[in-house]
Amino acid sequence: MGEPKSQGKPFSISKQLVWEAYLRVKANGGAPGVDGCSIEDFEADLKNNLYRIWNRMSSGSYFPPPVKAVEIPKSHGGVRILGVPTVADRVAQTVVARRLGGKVEAIFHSDSYGYRPGRSARDAVEVCKQRCWRRDWVIDLDIQKFLDAWSHYSCRSLS
(Lines give C-alpha, C1' and ligand atoms only; values in the text may rest on other atoms or scores of the structure.)
Protein backbone atom coordinates (compact mmCIF):
# COMPACT_ATOMS: atom_id res chain seq x y z
CA MET A 1 0.00 0.00 0.00
CA GLY A 2 2.97 2.28 -0.43
CA GLU A 3 3.76 2.43 3.29
CA PRO A 4 7.41 2.45 4.37
CA LYS A 5 8.63 -0.87 5.75
CA SER A 6 9.22 -0.82 9.50
CA GLN A 7 12.90 -1.10 10.39
CA GLY A 8 13.73 -4.66 11.35
CA LYS A 9 10.08 -5.74 11.27
CA PRO A 10 8.69 -8.48 9.02
CA PHE A 11 5.33 -6.74 8.48
CA SER A 12 5.01 -3.29 7.01
CA ILE A 13 2.54 -1.51 9.26
CA SER A 14 2.93 2.22 9.68
CA LYS A 15 2.46 3.97 12.99
CA GLN A 16 0.16 6.36 11.12
CA LEU A 17 -2.14 3.45 10.22
CA VAL A 18 -2.32 2.42 13.89
CA TRP A 19 -3.12 6.03 14.84
CA GLU A 20 -5.90 6.25 12.24
CA ALA A 21 -7.31 2.92 13.41
CA TYR A 22 -7.36 4.21 16.99
CA LEU A 23 -9.24 7.34 15.89
CA ARG A 24 -11.90 5.15 14.23
CA VAL A 25 -12.24 2.99 17.33
CA LYS A 26 -12.53 6.09 19.53
CA ALA A 27 -15.21 7.56 17.22
CA ASN A 28 -17.21 4.30 17.41
CA GLY A 29 -17.06 4.20 21.19
CA GLY A 30 -17.94 0.89 22.72
CA ALA A 31 -17.70 -0.91 26.01
CA PRO A 32 -14.55 -2.32 27.63
CA GLY A 33 -13.54 -5.89 26.83
CA VAL A 34 -12.41 -8.62 29.22
CA ASP A 35 -9.56 -6.44 30.50
CA GLY A 36 -12.03 -3.80 31.75
CA CYS A 37 -10.08 -1.07 29.91
CA SER A 38 -12.35 1.65 28.53
CA ILE A 39 -11.34 4.02 25.75
CA GLU A 40 -10.64 6.63 28.44
CA ASP A 41 -8.41 4.18 30.33
CA PHE A 42 -6.63 3.31 27.07
CA GLU A 43 -6.02 7.02 26.44
CA ALA A 44 -4.37 7.44 29.86
CA ASP A 45 -1.28 5.74 28.38
CA LEU A 46 -2.12 6.27 24.71
CA LYS A 47 1.40 6.57 23.33
CA ASN A 48 2.60 3.33 24.93
CA ASN A 49 -0.62 1.45 24.14
CA LEU A 50 -0.46 2.38 20.44
CA TYR A 51 3.27 1.64 20.29
CA ARG A 52 2.67 -1.79 21.84
CA ILE A 53 0.01 -2.61 19.21
CA TRP A 54 2.22 -1.37 16.37
CA ASN A 55 5.29 -3.23 17.66
CA ARG A 56 3.51 -6.54 18.12
CA MET A 57 1.67 -6.36 14.80
CA SER A 58 4.81 -5.32 12.89
CA SER A 59 6.89 -8.08 14.44
CA GLY A 60 4.22 -10.75 13.96
CA SER A 61 3.91 -11.37 17.68
CA TYR A 62 0.43 -9.86 18.15
CA PHE A 63 -2.00 -12.31 19.69
CA PRO A 64 -5.60 -11.22 20.33
CA PRO A 65 -6.88 -11.48 23.88
CA PRO A 66 -10.13 -13.28 24.77
CA VAL A 67 -13.41 -11.62 23.84
CA LYS A 68 -15.95 -10.67 26.50
CA ALA A 69 -19.30 -12.44 25.99
CA VAL A 70 -22.32 -10.24 26.63
CA GLU A 71 -25.92 -11.51 26.43
CA ILE A 72 -28.25 -9.28 24.46
CA PRO A 73 -32.00 -10.01 24.90
CA LYS A 74 -33.92 -10.75 21.69
CA SER A 75 -37.26 -9.04 21.10
CA HIS A 76 -39.09 -12.40 20.87
CA GLY A 77 -37.39 -14.01 23.86
CA GLY A 78 -34.04 -15.66 24.31
CA VAL A 79 -30.66 -14.02 24.07
CA ARG A 80 -27.97 -13.41 21.50
CA ILE A 81 -24.32 -13.57 22.55
CA LEU A 82 -22.29 -10.53 21.52
CA GLY A 83 -18.49 -10.66 21.64
CA VAL A 84 -16.82 -7.47 22.87
CA PRO A 85 -13.09 -7.24 22.05
CA THR A 86 -10.72 -5.12 24.11
CA VAL A 87 -10.07 -1.55 22.94
CA ALA A 88 -6.53 -2.56 21.89
CA ASP A 89 -7.86 -5.50 19.90
CA ARG A 90 -10.43 -3.30 18.17
CA VAL A 91 -7.55 -1.04 17.09
CA ALA A 92 -5.61 -4.07 15.81
CA GLN A 93 -8.67 -5.41 13.99
CA THR A 94 -9.19 -2.03 12.33
CA VAL A 95 -5.54 -2.00 11.19
CA VAL A 96 -5.99 -5.45 9.62
CA ALA A 97 -9.30 -4.53 8.02
CA ARG A 98 -7.83 -1.41 6.46
CA ARG A 99 -4.72 -3.22 5.20
CA LEU A 100 -6.60 -6.18 3.74
CA GLY A 101 -9.74 -4.38 2.61
CA GLY A 102 -8.33 -2.93 -0.58
CA LYS A 103 -6.55 -6.15 -1.50
CA VAL A 104 -9.47 -8.53 -1.04
CA GLU A 105 -12.21 -6.21 -2.27
CA ALA A 106 -10.93 -6.64 -5.81
CA ILE A 107 -11.35 -10.42 -5.72
CA PHE A 108 -14.78 -10.64 -4.06
CA HIS A 109 -17.67 -11.69 -6.27
CA SER A 110 -19.93 -8.77 -7.10
CA ASP A 111 -22.85 -10.63 -5.46
CA SER A 112 -21.03 -10.95 -2.14
CA TYR A 113 -22.66 -8.71 0.46
CA GLY A 114 -21.58 -10.05 3.87
CA TYR A 115 -19.24 -7.91 5.97
CA ARG A 116 -18.34 -5.59 3.11
CA PRO A 117 -18.13 -1.82 3.38
CA GLY A 118 -20.99 -0.03 1.70
CA ARG A 119 -23.05 -3.24 1.37
CA SER A 120 -25.74 -4.67 3.57
CA ALA A 121 -28.29 -7.44 3.82
CA ARG A 122 -30.88 -4.94 2.58
CA ASP A 123 -28.79 -4.38 -0.57
CA ALA A 124 -28.68 -8.13 -1.17
CA VAL A 125 -32.45 -8.43 -0.76
CA GLU A 126 -33.00 -5.53 -3.17
CA VAL A 127 -30.82 -7.16 -5.86
CA CYS A 128 -32.63 -10.46 -5.33
CA LYS A 129 -36.01 -8.72 -5.64
CA GLN A 130 -34.98 -7.03 -8.89
CA ARG A 131 -33.75 -10.31 -10.35
CA CYS A 132 -36.94 -12.14 -9.38
CA TRP A 133 -38.98 -9.81 -11.59
CA ARG A 134 -36.85 -10.64 -14.68
CA ARG A 135 -38.39 -14.10 -15.16
CA ASP A 136 -41.90 -15.50 -14.99
CA TRP A 137 -40.84 -18.92 -13.75
CA VAL A 138 -39.57 -20.40 -10.48
CA ILE A 139 -37.26 -23.32 -9.73
CA ASP A 140 -38.30 -25.37 -6.70
CA LEU A 141 -35.36 -27.43 -5.51
CA ASP A 142 -34.71 -29.21 -2.22
CA ILE A 143 -30.96 -28.79 -1.91
CA GLN A 144 -30.72 -30.74 1.34
CA LYS A 145 -32.20 -33.88 -0.22
CA PHE A 146 -30.00 -33.40 -3.27
CA LEU A 147 -26.86 -33.27 -1.13
CA ASP A 148 -28.03 -36.28 0.92
CA ALA A 149 -28.35 -38.32 -2.28
CA TRP A 150 -25.03 -37.19 -3.73
CA SER A 151 -22.14 -39.52 -3.01
CA HIS A 152 -19.27 -37.38 -1.74
CA TYR A 153 -16.90 -40.33 -2.08
CA SER A 154 -17.41 -40.80 -5.80
CA CYS A 155 -16.93 -37.23 -6.95
CA ARG A 156 -15.37 -37.15 -10.37
CA SER A 157 -14.76 -34.44 -12.87
CA LEU A 158 -17.80 -33.83 -15.04
CA SER A 159 -15.67 -32.92 -18.06
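Residues numbered from 1 in each chain as written. Predicted model: local features only at pLDDT ≥ 70, side-chain atom pairs only at ≥ 80, totals over all residues. Heavy atoms only, no water.

1. Here we look at helix H1 (residues 15-28)
In this model H1 runs 20 Å from its N-terminal to its C-terminal C-alpha over 14 residues, within 8% of the 20 Å that 1.5 Å per residue would give. If you check which residues of H1 are buried, you get Leu-17, Val-18, Ala-21, Tyr-22 and Val-25. With its buried residues spanning 140° around the axis, H1 presents them on a single face. Backbone geometry just downstream of H1 places Gly-29 in the positive-phi region, at approximately 70°. (Helix = DSSP H or I, 4+ residues; strand = E, 2+ residues; numbered from the N terminus. Expected span 1.5 Å × (residues − 1). Buried < 20%, exposed > 50% of the residue type's maximum accessible area, 1.4 Å probe, protein only. Arc of directions from axis to C-beta.)

2. As for the nonpolar core
Ile-13, Val-18, Phe-42, Leu-50, Ile-53, Val-91 and Val-95 are the most contacted members of the largest nonpolar core, which totals 18 residues. With residues up to four places along the chain from it excluded, the contact list for Ile-53 reads Val-18, Phe-42, Ala-88, Val-91 and Ala-92. (Core = buried A, V, L, I, M, F, W, Y, C linked by side-chain atoms within 4.5 Å. Contact = heavy atoms within 4.5 Å.)

3. Things to note about the packing of aromatic side chains
What the rule picks out here adds up to 3 aromatic pairs. Ring plane angle 40° and centroid distance 5.4 Å describe the contact between Trp-19 and Tyr-22, whose orientation is recorded as tilted. Taken together, the residues Trp-19 and Tyr-22, both in helix H1 and 3 residues apart, mark about one turn of the helix. Note on Tyr-22: relative accessible area 2%, which makes it buried. Judged by centre distance (5.5 Å) and plane angle (45°), the rings of Tyr-51 and Trp-54 are tilted. Residue Tyr-51 and its partner Trp-54 are both found in helix H3 (residues 46-59); the two are separated by 3 residues, about one turn of the helix. Taken together, the ring pairs connect Trp-19, Tyr-22 and Phe-42 into an aromatic cluster. (Phe/Tyr/Trp six-rings, centres within 6.5 Å; stacked < 30°, edge-to-face > 60°.)

4. Focus: the packing of H1 against H3
For any two helices packed against each other, the geometry comes down to the angle between their axes and how far apart the axes lie. It is at 10 Å that the axes of H1 and H3 come closest, and there the two elements cross at 120°. It follows that H1 is oblique to H3 by the angle criterion. The hand of the H1/H3 crossing is right-handed. In contact with Lys-15, Val-18, Trp-19 and Tyr-22 of H1, H3 contributes Leu-46, Leu-50, Tyr-51, Ile-53 and Trp-54. The residue makeup of the contact of H1 with H3, split by class, is 8 nonpolar, no polar and 1 charged. (Axes fitted to C-alpha atoms, helices over the stretch in contact; angles between N-to-C directions. Parallel < 35°, antiparallel > 145°, perpendicular 65-115°, else oblique. Left-handed = near helix turned anticlockwise from the far one by under 90°. Nonpolar A, V, L, I, M, F, W, Y, C, P; charged D, E, K, R; others polar.)

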